[in-house]
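Spelled out from the first residue to the last, the chains are:
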Amino acid sequence: MKKKTVVASTLTISTLTAGLTLVNQFSKKVLYRESLDCQNQEDWYSELGGEKIKIKNHKNLYLQGYLFEEENAHRTIIGLHGLGKSASSLKDTFSFLKEIFPQSHILLYDANAHGLSDGYIKGFGYKDVLDLMFFNMYVLRKYGENHRVIMYGQGVGANTILNTSGLGKLKNVDLILSEGAYSQAYQYLGYLCQKETKIASQVCRPIIRQMIKSEVKRDIKKMNTVSLVKKNTIPTVFIHAKDDQDVPFKMVFPLYNHNQSNKLLFPIKQNFLYQLKGLEDDYLKSLYEFIEEVL
């Protein structure tokens, strides 16, 4: 009997150790840049008529941007990508934005520690706030202090925009298109960890929190976009796929419910907003009507 107990205890400890290792590996993967993938960043922007730009942020890190200028444009759309991706992932979205907002420049950029931008540690939409402010100011310096701006974000990129707006740090922004934002980093990373490791999110979350706190002195439990949208004053469309593979659909509701600005909840059956391109139904018209109302 004692022998069986010892064997069972050994197996339990072994299982817990293996689980802890998996969660720690996941935490490091989402926190740190694994590699600089230059090969897949080569010419995608030039094929769309864009040019590379670089700006230096407050930490003297260079951030890579891609500017697509349009003749007689009176506004600029600034677009931000999701976690672990780069501006090139927004190619399809780019074409849809051009259709919705003709006569607009478009500026996409690689977030810190993504794509061709400098940096090693990812910001989860919170440490990225100052970078977005730098790009916002770049546009106003280039096109004039009265130039108007629209913000589009996908996943963590949407969180960056919502957080920056909630802090009152965006200028001349008339509209936010938030696609697939998450409510809290603590919940979101726990969900991703469970999805990858098959370990319950309730187990993953405190381990991820402690590991990131230990590594970079950053508490992901304080990264709460829901608390920040309470101070958002910019008209916002909350777009979210019902079967979103990255951010659970239920995470859009706390954001929408607590947001204080003029707002539209826009759930979609498709995986991404750009897949609505070419449709002419009343539901899509409701999006266009909201945009027309606030611009």
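Residues numbered from 1 in each chain as written. Predicted model: local features only at pLDDT ≥ 70, side-chain atom pairs only at ≥ 80, totals over all residues. Heavy atoms only, no water.

1. A closer look at the environment of Lys54
Thinking step 1. Residue position: Lys54 is located in strand β1 (residues 51-56).
Thinking step 2. For Lys54, a relative accessible area of 47% translates into the label partly exposed.
Thinking step 3. With residues up to four places along the chain from it excluded, the contact list for Lys54 reads Tyr62, Leu63, Gln64 and Leu116.
Thinking step 4. A polar contact is formed between the side chain of Lys54 and the side chain of Gln64, at a distance of 3.0 Å. (Helix = DSSP H or I, 4+ residues; strand = E, 2+ residues; numbered from the N terminus. Buried < 20%, exposed > 50% of the residue type's maximum accessible area, 1.4 Å probe, protein only. Contact = heavy atoms within 4.5 Å. Polar contact = N/O pair within 3.5 Å; in protein donor to acceptor, adjacent residues only side chain to side chain.)

2. Some points on the pattern of salt bridges
Thinking step 1. A complete count under the given rule lists five salt bridges for this structure.
Thinking step 2. Of the charged contacts, one joins Glu70 and Lys98 as a salt bridge, the two residues approaching to 2.9 Å between their closest N and O atoms. Note that Glu70 is positioned in the loop between β2 (62-68) and β3 (75-80) and Lys98 in helix α3 (residues 91-100), a separation of 28 residues in sequence.
Thinking step 3. Among the residues examined, Glu70 registers a relative accessible area of 31% and is labelled partly exposed.
Thinking step 4. Salt bridges sharing partners connect three or more residues here, namely Arg209, Lys213 and Asp219. (Salt bridge = Lys/Arg side-chain N within 4 Å of Asp/Glu carboxyl O.)

3. Brief notes about the packing of aromatic side chains
Thinking step 1. Taken as a whole and judged by the stated rule, the model has twelve aromatic pairs.
Thinking step 2. On the numbers, 6.1 Å between centres and 90° between planes, the contact of Phe238 with Tyr256 is edge-to-face. Taken as a pair, Phe238 in strand β7 (residues 236-241) and Tyr256 in helix α9 (residues 252-258) lie far apart in primary sequence, 18 residues in all.
Thinking step 3. Taking the relative accessible area as the measure of exposure, Tyr256 reaches 22% and is therefore partly exposed. (Phe/Tyr/Trp six-rings, centres within 6.5 Å; stacked < 30°, edge-to-face > 60°.)

4. Concerning the packing of helix α4 (residues 129-143) against helix α5 (residues 156-166)
Thinking step 1. Two elements in contact, α4 and α5, have axes whose closest approach is 9 Å; the angle formed by their N-to-C orientations is 80°. When the axes of α4 and α5 are compared, the pair comes out roughly perpendicular. For the pair α4 and α5, contact is made by Val129, Leu132 and Met133 and by Thr160, Ile161, Asn163 and Thr164, respectively.
Thinking step 2. A breakdown of the residues in the contact of α4 with α5 according to their chemical character gives four nonpolar, three polar and no charged. (Axes fitted to C-alpha atoms, helices over the stretch in contact; angles between N-to-C directions. Parallel < 35°, antiparallel > 145°, perpendicular 65-115°, else oblique. Nonpolar A, V, L, I, M, F, W, Y, C, P; charged D, E, K, R; others polar.)

5. Describing the nonpolar core
Thinking step 1. By size, the foremost hydrophobic cluster in this structure holds 32 residues, and its most contacted members are Phe101, Leu175, Val237 and Phe266.
Thinking step 2. With sequence-adjacent residues up to four places away left out, Phe266 is seen in contact with Val237, Phe238, Ile239, His240, Leu273, Leu276, Tyr283, Leu284, Ser286 and Leu287. (Core = buried A, V, L, I, M, F, W, Y, C linked by side-chain atoms within 4.5 Å.)

6. Observations concerning empty space enclosed by the protein
Thinking step 1. Inspection of every chain in the model, using the stated rule, returns one cavity of 30 Å³ or more.
Thinking step 2. Counted as a void, the largest cavity has a volume near 110 Å³.
Thinking step 3. What lines the largest cavity is a set of 14 residues, and nearest its centre among them are His81, Ala111, Asp128, Val156 and Thr160.
Thinking step 4. When residues in the lining of the largest cavity are grouped by element, the largest group, three residues, is from α5. (1 Å grid on protein atoms, 1.4 Å probe; cavity = no way out; pocket = protein on both sides within 12 Å on 5 of 7 lines; lining within 4 Å. Points joined across faces, edges and corners; volume = space filled by probe spheres on them.)

What is shown is where atoms sit, not what they do.
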